[in-house]
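Examining the three-dimensional arrangement
Below are the chains, spelled out letter by letter.
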Amino acid sequence: MADDDATGDENGRAEDAEPVQPPTPQFEIEMHFVDSLPGGRAVMPVEEEGRFGWLVVQGHVTPQARTEMLSDLRHIVQSGLWRQDWQPPAPD
């Protein structure tokens, strides 16, 4: 016989269950100033699993722009607007 204190229906689902939120992505976003970049570039993205960085030639981004850019990037990643799939490819 069913337990009178059970909160789930006959299929084992809770009637008032809250939706499960996906985990917050784990990541690091960094900006590093360098003396020069190949091809005369001023900015170049670099990434590896769990880390996304920007290499910026000295003098091309102000400290205020750097702070704002990093803040914007963190926002779009944390809100799920931008995702990276750093999982290795499945073996054939």
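Provided above is the structure to which this section pertains.
First things first, this report covers the structure right here in the doc. (Residues numbered from 1 in each chain as written. Predicted model: local features only at pLDDT ≥ 70, side-chain atom pairs only at ≥ 80, totals over all residues. Heavy atoms only, no water.)

1. Here's the deal with the sheet that holds strand 3 (residues 51–57)
Each strand in a sheet pairs with another by means of backbone hydrogen bonds, the pair being arranged parallel or else antiparallel. Keep this limit in mind: One requirement defines pairing of two strands: DSSP has to find at least two bridges between them. Secondary structure elements follow DSSP: runs of H or I no shorter than four residues count as helices, runs of E no shorter than two count as strands, and numbering proceeds from the N terminus. Between N-to-C directions, angles cover 0 to 180 degrees, with each direction set by a line fitted to C-alpha atoms, over the stretch in contact for helices. Throughout, a contact is declared for two residues whenever any of their heavy atoms are within 4.5 Å.
Ordered in space as 1-3-2, the three strands form an open sheet in which the pairing is mixed. At either margin of the open sheet sits one strand with a lone partner, and together these are strand 1 (28–34) and strand 2 (43–48). Averaged over neighbouring strand pairs, the angle between their axes works out to 20 degrees when direction is ignored. Relative to strand 3, strand 2 runs antiparallel, the two sharing six bridges. By the bridge assignment for strand 3, Val43 is matched with Val56. Here helix 1 (residues 63–78) sits on the sheet and contacts strand 1 and strand 3; the angle it forms with strand 1, its principal contact strand, is near 155 degrees.

2. Some words on the packing of aromatic side chains
Put simply, the rule is: Aromatic rings from Phe, Tyr and Trp, taking only the six-membered ring of Trp, are treated as a pair when their centres fall within 6.5 Å; an angle between ring planes under 30 degrees marks them as stacked, one over 60 as edge-to-face, and anything in between as tilted. The buried label applies to any residue whose accessible area, calculated with a 1.4 Å probe on protein chains only, is under 20% of its type's maximum; exposed applies above 50%, and partly exposed to all values in between.
In the structure shown here, the tally under the stated rule is one aromatic pair. Look at Phe52 and Trp54: their rings are 5.4 Å apart centre to centre, the planes differ by 75 degrees, and that puts the pair in the edge-to-face class. For Phe52, a relative accessible area of 9% translates into the label buried. Since its relative accessible area comes to 17%, Trp54 is described here as buried.

3. Topic: helix 1
Keep this limit in mind: Each residue after the first adds 1.5 Å to the expected span of a helix. Taking the helix axis as origin, the arc is that swept by the directions to the C-beta atoms.
A rise of 1.5 Å per residue sets the reference length of helix 1, with its 16 residues, at 22 Å; its end C-alpha atoms lie 23 Å apart and thus fit the reference within 8%. Inspection of helix 1 places Leu70, Leu73 and Val77 among the buried residues, and these make up the whole buried set. One side of helix 1 carries all its buried residues, which in axial view fall inside an arc of 65 degrees. Among the exposed residues of helix 1, those pointing more than 90 degrees away from its buried face are Gln64, Thr67, Asp72 and Gln78.

4. Points about the pairing of strand 3
Counting buried positions along strand 3 gives six out of seven residues, so the element sits mostly inside the fold. Across seven bridges, the pairing between strand 1 and strand 3 is parallel. Note on strand 3: the bridge partner recorded for Met31 is Trp54. Taking the residues between adjacent antiparallel strands as the criterion, strand 2 and strand 3 are bridged by two residues, where Gly50 takes a positive phi near 80 degrees.

5. Brief notes about the nonpolar core
Note the following rule: Among buried residues, the Ala, Val, Leu, Ile, Met, Phe, Trp, Tyr and Cys ones that are joined through side-chain atoms within 4.5 Å form a nonpolar core.
One finds Ile29, Met31, Phe52, Trp54, Val56, Val61, Leu70, Leu73 and Val77 forming the largest nonpolar core, which totals nine residues. Broken down by secondary-structure element, the contributors of at least two residues to this core are strand 1, strand 3 and helix 1. If sequence neighbours within four positions are ignored, Val56 has contacts with Met31, His32, Phe33, Val34, Ala42, Val43 and Val61.

6. Thoughts on the environment of Trp82
Here Trp82 is to be found in the segment after helix 1. Note on Trp82: relative accessible area 24%, which makes it partly exposed. Excluding residues that lie within four positions of it along the chain, Trp82 makes contacts with Phe52, Leu73, Ile76 and Val77.

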